[in-house]
Amino acid sequence: MSEEARIRDGIELASARKRLQELEARKTVLLAHLAELRQVLAGTRPVSELSSEMISRFTIDVRGATDRFLLRGIEDKLDSLARETDAKIFKLKELLAHAAICPRCNGSGSIVKESVERDPDNAPVTHMTVSSCPQCGGSGKAEAEMI
């Protein structure tokens, strides 16, 4: 079963939503670290003012003269992590958006039924009836309890 099918079936919908929140929080932290580091590299902030989380995460020595080459490497790593996180967020949002489509009417909100009858001359006559989808109530969107 594909990841999309598992999400559509509700097996992993809640965990996918939680993962999306975690990735968005991670991206916020990465971008904050990146902004901090870029201030140091631009000379508008001393290395000693980097957050303790940033210092411990990348084991930056703030007592001595911190190598700008090291900081550029950290900047590249943070930038790469932010881009990777963006890609994961995009993919999860796409999966969740697709999972939000009603599986019965495929998002149309209506069900079309066809029936064929014979007229008095024995020619086939097709009748079509359109009704609101009973599963989504015509919205075309799957509710959390439906998925």
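Residues numbered from 1 in each chain as written. Predicted model: local features only at pLDDT ≥ 70, side-chain atom pairs only at ≥ 80, totals over all residues. Heavy atoms only, no water.

**Observations concerning helix H4 (residues 68-99)**
And then number 1: Here H4 contains 32 residues, and its C-alpha end-to-end distance of 46 Å stays within 8% of the 46 Å for a straight helix at 1.5 Å per residue.
And then number 2: Along H4, the positions that sit buried rather than exposed are Leu71, Ile74, Glu75, Leu78, Leu81, Ala82, Thr85, Ile89, Leu92, Leu95, Leu96 and Ala99. (Helix = DSSP H or I, 4+ residues; strand = E, 2+ residues; numbered from the N terminus. Expected span 1.5 Å × (residues − 1). Buried < 20%, exposed > 50% of the residue type's maximum accessible area, 1.4 Å probe, protein only.)

**As for the pattern of salt bridges**
And then number 1: Tallied over the entire structure, the rule returns eight salt bridges.
And then number 2: The residue Arg19 makes a salt bridge to Glu22 at a minimum N-O spacing of 4.0 Å. In this pair, Arg19 and Glu22 both sit in helix H2 (residues 13-42), three residues apart, roughly one turn of the helix.
And then number 3: Taking relative accessible area as the criterion, Arg19 reaches 36% and is therefore assigned partly exposed.
And then number 4: Since its relative accessible area comes to 40%, Glu22 is described here as partly exposed.
And then number 5: Of the charged contacts, one joins Asp79 and Arg83 as a salt bridge, the two residues approaching to 2.6 Å between their closest N and O atoms. A residue pair is termed a helical-turn pair when its members lie 3 or 4 positions apart in one helix, as Asp79 and Arg83 do in helix H4 at four residues. (Salt bridge = Lys/Arg side-chain N within 4 Å of Asp/Glu carboxyl O.)

**A few points about a positive patch on the surface**
And then number 1: Together, Arg26, Arg57, Lys77 and Lys88 make up a positively charged patch on the protein surface.
And then number 2: Mapped onto the secondary structure, Arg57 falls in helix H3 (residues 52-58).
And then number 3: In this structure Arg57 comes out as partly exposed when scored by relative accessible area, which is 38%. (Patch = residues over 30% accessible without salt bridge, like charges linked within 9 Å, V, L, I, M, F, W, Y side chains within 5 Å. Areas by Shrake-Rupley, 256 points an atom, 1.4 Å probe, with all protein chains shown as cover. Lys, Arg positive; Asp, Glu negative; His and termini not counted. Charge placed at Lys NZ, Arg CZ, Asp CG, Glu CD.)

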